[in-house]
Amino acid sequence: MPLLSLTTTTFPHFPSLSFLPNTSLISSPTPRLARLSLRAKIAESDKGEPSNGAASSSSSILWFKHDLRVDDHPGLIAAASNSQSLLPLYVFDHRILSRFSEEMQEMVLFAVEDLRKSLKELGLDLMIRFGSAENVIQDLVKEVKATNVYAEEEVEYDVRVIMDVVRETLEKVYSEERSARLVLWQTPFYDIKTLKDLPASHDDFQKLQFSITSPAPPPTLPSAKLELDWGPLPTFDVLKEFMNKNGCNPQKGWNLIKEMSAESILQKKLRKPDKSNRNDLSVRRTPRKQVDKSGFVTQKGNIVGGGTNTVLNALAAYLRYLEGTARDDWQEVHEQVRNAETRDGASFTALFGPALCLGIISRRRVHYEAITYEKDRNAGFLSPFGYSAVTIGAAADAVCSMEWYWLMCLKSLASYDGRYSIQIWRWKSHLIQYTVSGHEGPAILLVHGFGAFLEHYRDNIYGIAEGGNRVWALTILGFGKSEKPNTVYTEVMWAELLRDFIVEVVGEPVHLVGNSIGGYIVAIAACFWHALVKSIVLINSAGNVIPGYSFVPLTKERQTSGASWLGARLLLFFLRLRLKDIMKSYYPTKPERVDDWLVNEMLRASYDPGVPVVLESIFSFNLSIPLNFLLEGIEEKVLIIQGMKDPISDSKSKLAMLKEHCAGVAIKELDAGHCPHDELPEDVNSMICEWVASVQSKLPAESLSQI
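Residues numbered from 1 in each chain as written. Predicted model: local features only at pLDDT ≥ 70, side-chain atom pairs only at ≥ 80, totals over all residues. Heavy atoms only, no water.

- As annotated in an unreviewed UniProt entry, the protein chain carries the name Photolyase/cryptochrome alpha/beta domain-containing protein and comes from Quercus rubra.

Written out as structure tokens, the structure reads:
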């Protein structure tokens, strides 16, 4: 059953609202969400009878989560329009906050503080509570006799589960002879009426030329009309203590593992002194000068935070980077732009991505400010030849891209076709798609190769799960329907993504399976964070064996160039033109496996915003860390599955080198090409299941008890 009914789902012009019906996300990952426009108010009561405008005379709760602002807030407008009494609420729920780094949690405090201040200026206050959202909201619904709880719609699986628990809890709380309702809202970016209007391809989407809606100012708010305990804003130390007491990670010390960067571990392995990397935003080099009206409010001070006005001020400085300034607060932004500009425009996501993730500022407010400034620079006109400044283009393109991927995630959740239950995970403010199959047995994580996606394991996910395993497959950043932000993509960055996915989503050590570049990424993850990995399976892995290597190159700063910019676009043109022929050469034994579905999905992904940037990474890959170095110490836990007809490598020579210089690895040969898992799925599934069972049988009892 789809998460959203494509026949009933609509995106009203402003704002977009929906009610959660009586379907459970926990029992089924695909509840149906019925849409409702603002003007319709409440269309039906729980019994299916018209409410006759009862909502307009009710008390409502507005639950803030990732929408920490009053500017351009459709939910606030809807709640104010339909309620005589309104209670704004923020819940410090450890399940929601545990998804964030400590720096992001610190940002939450600044944003909530500013949100309370902004609401007071509008005649209201913000109630602050600690605990599980469902319990807090249930108690408040009873106390204020609320009939509606307004909340922003989410795509992340963990948050959707929490919201579904809230809905189920509300059904048990009766107010004015009916249960309270969870009313979902969205911020409409494009003027789209329904998900049916969203094409699969971004190229087709652009041809439709949907207009972008304008942001809205804060509304006039009704009072709470009740004497309430609004609750104090905690300090950062109090928040950390709360999070430590309610930690839900089953593995002790895993949060420390997440803080260990790949470069620092490699330096430690090579016994070289740690050196600061200016692209590592988690490293503070020198104490910052305190600047009045600074937008860098956290202790690390590398990302824009604070309240909405603070972020807007930093955005104004960012957009005007080329103008220069004498203002200290704007000079600070310009300095951070230079530090974060690893490639043209990459600084915007690096600096403003977290604030957008927390909803301190809306995507369409950013677009509005960027376009307004662009018009100011061009006598009121927009040029058809691009933006007049890199920062303007970076901001406008980034939020349009973010919106596209958000809509694609929403549609992926809505158009569940029975093949895979798509779930969404947010990594460093970016949306990642994944799926999971199986209810018991060892945990296995499948990692695809360059240009592919989780569905490339289309006949492996269920096949391996049916062998008595729990199987996860994800689409890594930059591919498939996962987000493709403007950043420099590296094999080390993808390895860190795998590390965080294992810690945050899987929650226990896994057997890692990787194809092509995915195999090399898997090897890096196993080498650097071996506590997270039980074994690895490398399927036609990238990377070389270098006998007698005298040193291992450290990860270097990756800068793109004009040559890589041009090369990526020429390569993209060539791939689109010859994709089917290229893919068939990778499947020499069963070329019929290169069917229309596989080719069309790859072509679809090639038109997504950000794809040329991902392709530029091909020209800056550093695969010089030898496979034999990465496999040292884990050889007994490595299975090599090699398609012997691989057209892009000499399989016989590679296997000979692995046998000679990686003692203890198990090797399986197949009459297949570069992608044996998809060309001969039954054979590969059998090999993986047998391998995992063998490794599991040799593990100590205490490691098995963690499952």
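From this point, things continue past the structure.
## Quick notes on the pattern of salt bridges
- For the coordinates displayed, the defined rule picks out 33 salt bridges.
- A salt bridge links Arg363 to Glu403; its shortest N-O distance comes to 2.7 Å. Placement of the pair is Arg363 in helix α13 (residues 363-377) and Glu403 in helix α14 (residues 390-414), with a sequence separation of 40 residues.
- Taken together, the shared-partner salt bridges in this structure form one network comprising Arg458, Asp459, Arg593, Asp595 and Asp678. (Salt bridge = Lys/Arg side-chain N within 4 Å of Asp/Glu carboxyl O. Helix = DSSP H or I, 4+ residues; strand = E, 2+ residues; numbered from the N terminus.)

## Regarding the packing of helix α10 (residues 308-319) against α13
- Relative to each other, α10 and α13 sit at 40°, their axes nearing to 11 Å. When the axis of α10 is compared with that of α13, the two are oblique. The two elements α10 and α13 meet at a crossing, and its hand is right-handed. Here Leu312, Leu315 and Leu319 of α10 come into contact with α13, specifically with Arg365, Val366, Glu369, Ala370 and Tyr373.
- For the contact of α10 with α13, a count of residues per class yields six nonpolar, no polar and two charged. (Axes fitted to C-alpha atoms, helices over the stretch in contact; angles between N-to-C directions. Parallel < 35°, antiparallel > 145°, perpendicular 65-115°, else oblique. Left-handed = near helix turned anticlockwise from the far one by under 90°. Contact = heavy atoms within 4.5 Å. Nonpolar A, V, L, I, M, F, W, Y, C, P; charged D, E, K, R; others polar.)

## Let's talk about helix α11 (residues 328-340)
- With 13 residues, α11 extends 18 Å from end C-alpha to end C-alpha; this agrees with the ideal 18 Å at 1.5 Å per step.
- Considering only its buried residues, α11 is in contact with α10 and α12 (346-357). (Expected span 1.5 Å × (residues − 1).)

## Quick look at the packing of helix α18 (residues 562-586) against helix α19 (residues 596-606)
- Contact geometry of α18 with α19 gives a least axis separation of 10 Å together with a crossing angle of 170°. The orientation of α18 relative to α19 falls into the category roughly antiparallel. The crossing of α18 and α19 is right-handed. Residues Leu572, Arg576, Leu579, Lys580 and Met583 of α18 form the contact with α19, whose own contacting residues are Asp596, Leu598, Val599, Met602, Leu603 and Ser606.
- Residue classes in the contact of α18 with α19 are distributed as seven nonpolar, one polar and three charged.

## A closer look at the sheet that holds strand β11 (residues 430-437)
- Spatial ordering of the open sheet is given by β10-β11-β13-β12-β14-β15-β16-β17, a layout of eight strands whose pairing is mixed. The open sheet terminates on both sides in strands that have one partner only, identified here as β10 (423-427) and β17 (666-670). Here the strands of the sheet are splayed against their neighbours by 25° on average, with no regard to which way each runs.
- Pairing analysis gives four bridges linking strand β12 (residues 443-447) to strand β14 (residues 510-515), with the strands arranged parallel. (Pairing = 2+ DSSP bridges.)

## So, the layout of surface pockets
- Roughly 1300 Å³ of volume is contained in the second largest pocket.
- Where the lining of the second largest pocket is concerned, the elements lending two or more residues are α6 (202-208), α13, α14, α18 and α20 (611-616).
- In terms of residue count, α14 provides more of the lining of the second largest pocket than any other element does, nine residues in total.
- Class assignment for the residues of the lining of the second largest pocket results in 22 nonpolar, 16 polar and nine charged. (1 Å grid on protein atoms, 1.4 Å probe; cavity = no way out; pocket = protein on both sides within 12 Å on 5 of 7 lines; lining within 4 Å. Points joined across faces, edges and corners; volume = space filled by probe spheres on them.)

## Quick look at the packing of aromatic side chains
- Scanning all chains against the criterion turns up 17 aromatic pairs.
- For the ring pair Phe130 and Phe242, a centre distance of 4.9 Å and an interplane angle of 75° mean the geometry is edge-to-face. Taken together, the residues Phe130 in strand β5 (residues 127-130) and Phe242 in helix α7 (residues 236-245) connect sequence positions 112 residues apart.
- On the basis of an interplanar angle of 75° and a centroid distance of 4.9 Å, the ring pair of Phe189 and Tyr190 is categorised as edge-to-face.
- Joined through ring pairs, the aromatic side chains of Phe189, Tyr190, Phe205, Phe210 and Trp404 make up one cluster. (Phe/Tyr/Trp six-rings, centres within 6.5 Å; stacked < 30°, edge-to-face > 60°.)

## Observations regarding the pairing of β17
- In this structure, strand β16 (residues 638-643) lies alongside β17, joined through five bridges in parallel fashion. Within β17, the position partnered with Gln642 by the bridge is Glu669.
- In this view, the connection linking β16 to its parallel neighbour β17 by way of helix α22 (residues 651-661) has right-handed handedness. (Right-handed = clockwise from strand over helix to strand, strands pointing away.)

## Some remarks on unusual backbone geometry
- Phi angles above zero are rare outside glycine, and Lys293 is one such case at about 65°.
- Mapped onto the elements, Lys293 comes out in the loop between α9 (262-269) and α10.
- Classification of Lys293 as exposed rests on a relative accessible area of 57%.
- A positive phi angle, near 55°, is found at Ala379, a position not held by glycine.
- Mapped onto the fold, Ala379 is located in the loop between α13 and α14.
- What makes Ala379 exposed here is its relative accessible area of 66%. (Buried < 20%, exposed > 50% of the residue type's maximum accessible area, 1.4 Å probe, protein only.)

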